[in-house]
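Observations on the model geometry
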Amino acid sequence: MNKPVANESDVLIIGGGLHGSSSAFHIARRGASVTVLEADYVGRHASGVNAGGVRTLGRPLPEIPLALMSREIWHNIVDTIGDDCGFVASGQLKIAETEAELDECRERVALLEAHGFTHEKIIDRETLLELEPALTPHVTGGIWVERDGYALPFRTTTAFRLAAERHGAVFHEGTPVTRIEQKGERWFAHTPSGVFSAAKLVVTAGAWAGELSQQVGEPVPVYPEGLMLMVTHRAAPFCRATLGATGRPLSFKQFDNGTVVIGGKLIGIADLPGRHGEVDFARLVKSANTVVDLFPHLHNLGINRAWAGVEAFTDDSLPVISASRRASNLTYSFGYCGSGFQLGPACGKLVSELVLDGVASLPLDAFAIDRFKDVAAA
Ligand SMILES: Cc1cc2nc3c(=O)[nH]c(=O)nc-3n(C[C@H](O)[C@H](O)[C@H](O)COP(=O)(O)OP(=O)(O)OC[C@H]3O[C@@H](n4cnc5c(N)ncnc54)[C@H](O)[C@@H]3O)c2cc1C
């Protein structure tokens, strides 16, 4: 027997991470009715447990316009959604530890400038040590982006959800979508709580999005990784900027309360069916050693907590932000490869444009879902 249709709206969004919540906000503020279906709870996965890096630094070229657009929203986040999301414009630094690494940084900045992007600046050793005097003296310089920073992930995702709700969006938590289908022009999403229906469907299901695109006959090589983070006990203030390294994985920031969050795309274990990530402590040790190399005075600082979140990766390290090529009124936004927190505010807006206007205000060709068609066919 067919289950009754529990809910009808203009737009149905599957996935209540930052991208689903931001898309819901930007769509609802333009007057469309929006329903968001979330399997667990809003912000449970990558969007609520990430490192909070608001980083334009180091982006692949096609992502830079999106990251710069997002950065402007971050700087106006209170006016946009009524919450500061804990955003701090700390600046972001990429540290070089050898002359060869500094040359790599110079090449990167020259490449960006050749494309007209001037937000990443080369700095020499003296400037680096002026910015961060506690750094080990063996550093050689790096790249500095003054308007980057960090924010609080769970608070940000919740703030987008609340802002969307103020515009009438309805969120259903504990509502996993098991099947999607299009009948005529309408979309139907089947869940244990009933069937939801809408004219337009948006898939923002993170690491699980591939299961849904597959149902539409649009397989995408998206795979999960369990990214790890650790947070230390409190230390006296010693570092203002958010830091990364050139030659080894690192993302590092000290919060106002003195704790230090350490990450940098550290791969742990992803359990997709179990819907959780697990920490691999041996790999965390390597990262802790990098931090002590750069800040020797932290040698005895204890780790308070470590965790892992499930994130979606693609073969070319770029997300899918795209209208479906196989079905009408279906839009995808997933596969953010460990860098989607910063992009959340802008990508929600771009998705709203794709959904409501049929075209986005920035070029999205690099993120088209059919760029994988040869891989998917194989
Ligand atoms: C440890 C870690 C550190 C990171 N650090 C940074 C950083 O510093 N800066 C940065 O920019 N990015 C960072 N990221 C990446 C960033 O967190 C993600 O790219 C971003 O949060 C992805 O958001 P999302 O909404 O696409 O996915 P998610 O947050 O994973 O949301 C997807 C949601 O969809 C739901 N869902 C899935 N399938 C279904 C279904 N069938 N039915 C209903 N609901 C479903 C899930 O339950 C989930 O809540 C980090 C990620 C991790 C894990």
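Residues numbered from 1 in each chain as written. Predicted model: local features only at pLDDT ≥ 70, side-chain atom pairs only at ≥ 80, totals over all residues. Heavy atoms only, no water.

Quick word on the pairing of strand 13 (residues 242–245)
The criterion, for reference: A simple rule labels every residue: compare its accessible area, found with a 1.4 Å probe on the protein chains alone, to the largest value its type can have, and call it buried under 20%, exposed over 50%, or partly exposed in between. Note on conventions: DSSP H or I runs of at least 4 residues are helices, E runs of at least 2 residues are strands, and numbering of each starts at the N terminus. For two strands to be treated as a pair, DSSP must find at least two bridges joining them.
Because side chains alternate across strand 13, one face comprises the buried residues Thr242 and Gly244, and the other comprises Leu243 and Ala245, equally buried. Pairing between strand 4 (residues 92–96) and strand 13: four bridges, direction parallel. Paired with Lys94 across the bridge in strand 13 is Gly244. Linking strand 13 back to strand 14 (residues 251–254) in an antiparallel pair, the connection comprises five residues.

Observations regarding the UniProt feature "coiled-coil region" (unreviewed entry) in the protein chain
Formally: UniProt positions are given in the numbering used here, feature names are shortened, and annotations may be inferred rather than shown by experiment.
Taken from the UniProt record, the annotation "coiled-coil region" (unreviewed entry) applies to residues 88–115. As a span, residues 88–115 carries 57% helix and 18% strand, and end to end its C-alpha atoms are 28 Å apart.

A short note on the site of the ligand
Which entries qualify depends on this criterion: Note on definitions. A residue lies near a molecule or strand when any single heavy atom of the residue is within 4 Å of it. In protein, a polar contact requires one atom able to donate a hydrogen and another able to accept it; more generally it is a pair of N or O atoms within 3.5 Å, and residues adjacent in sequence count only if both atoms are side-chain atoms. All accessible-area figures derive from a Shrake-Rupley calculation using a 1.4 Å probe, and residue coverage is judged against the displayed protein chains alone.
Around the ligand, the structure places 36 residues, and the nearest of them are Glu38, Ser47, Gly53, Arg275 and Glu311. Measuring from a nitrogen atom of the ligand, one finds a backbone N or O atom of Ala51 at 3.1 Å. Here an oxygen atom of the ligand sits 2.8 Å away from a polar atom, N or O, in the side chain of Arg275. Burial of the ligand by the surrounding chains reaches 95%, relative to a free accessible area of 1000 Å².

Re the pattern of salt bridges
To keep it simple, the criterion reads: Here, a salt bridge means any side-chain nitrogen of Lys or Arg that lies within 4 Å of a carboxyl oxygen of Asp or Glu.
Enumeration according to the criterion identifies 22 salt bridges in this entry. Arg147 serves as the salt-bridge partner of Glu72, at 2.9 Å between the closest nitrogen and oxygen. Taken together, the residues span a long stretch of sequence, with Glu72 in helix 3 (residues 64–75) and Arg147 in the loop between strand 6 (141–145) and strand 7 (149–150) at a distance of 75 residues. By sharing partners, the salt bridges in this structure join Arg71, Glu72, Arg147 and Asp148 into a single network.

Regarding helix 7 (residues 153–166)
Condition: By definition here, a helix of n residues has an expected span of 1.5 Å times n minus one. Only heavy atoms enter the contact rule, under which two residues are in contact if any of them lie within 4.5 Å.
Under the 1.5 Å per step criterion, the end-to-end length of helix 7 is 20 Å for 14 residues, consistent within 8% with the ideal 20 Å. Of all the positions in helix 7, only Pro153, Thr156, Thr157, Ala159, Phe160, Arg161, Ala163 and Ala164 are classed as buried. Elements in contact with the buried residues of helix 7: helix 1 (18–28), helix 2 (46–49), helix 3, helix 4 (77–81), strand 8 (170–172) and helix 10 (340–357). Taken from the residues just after helix 7, Gly168 is the one with a positive phi, measuring 100°.

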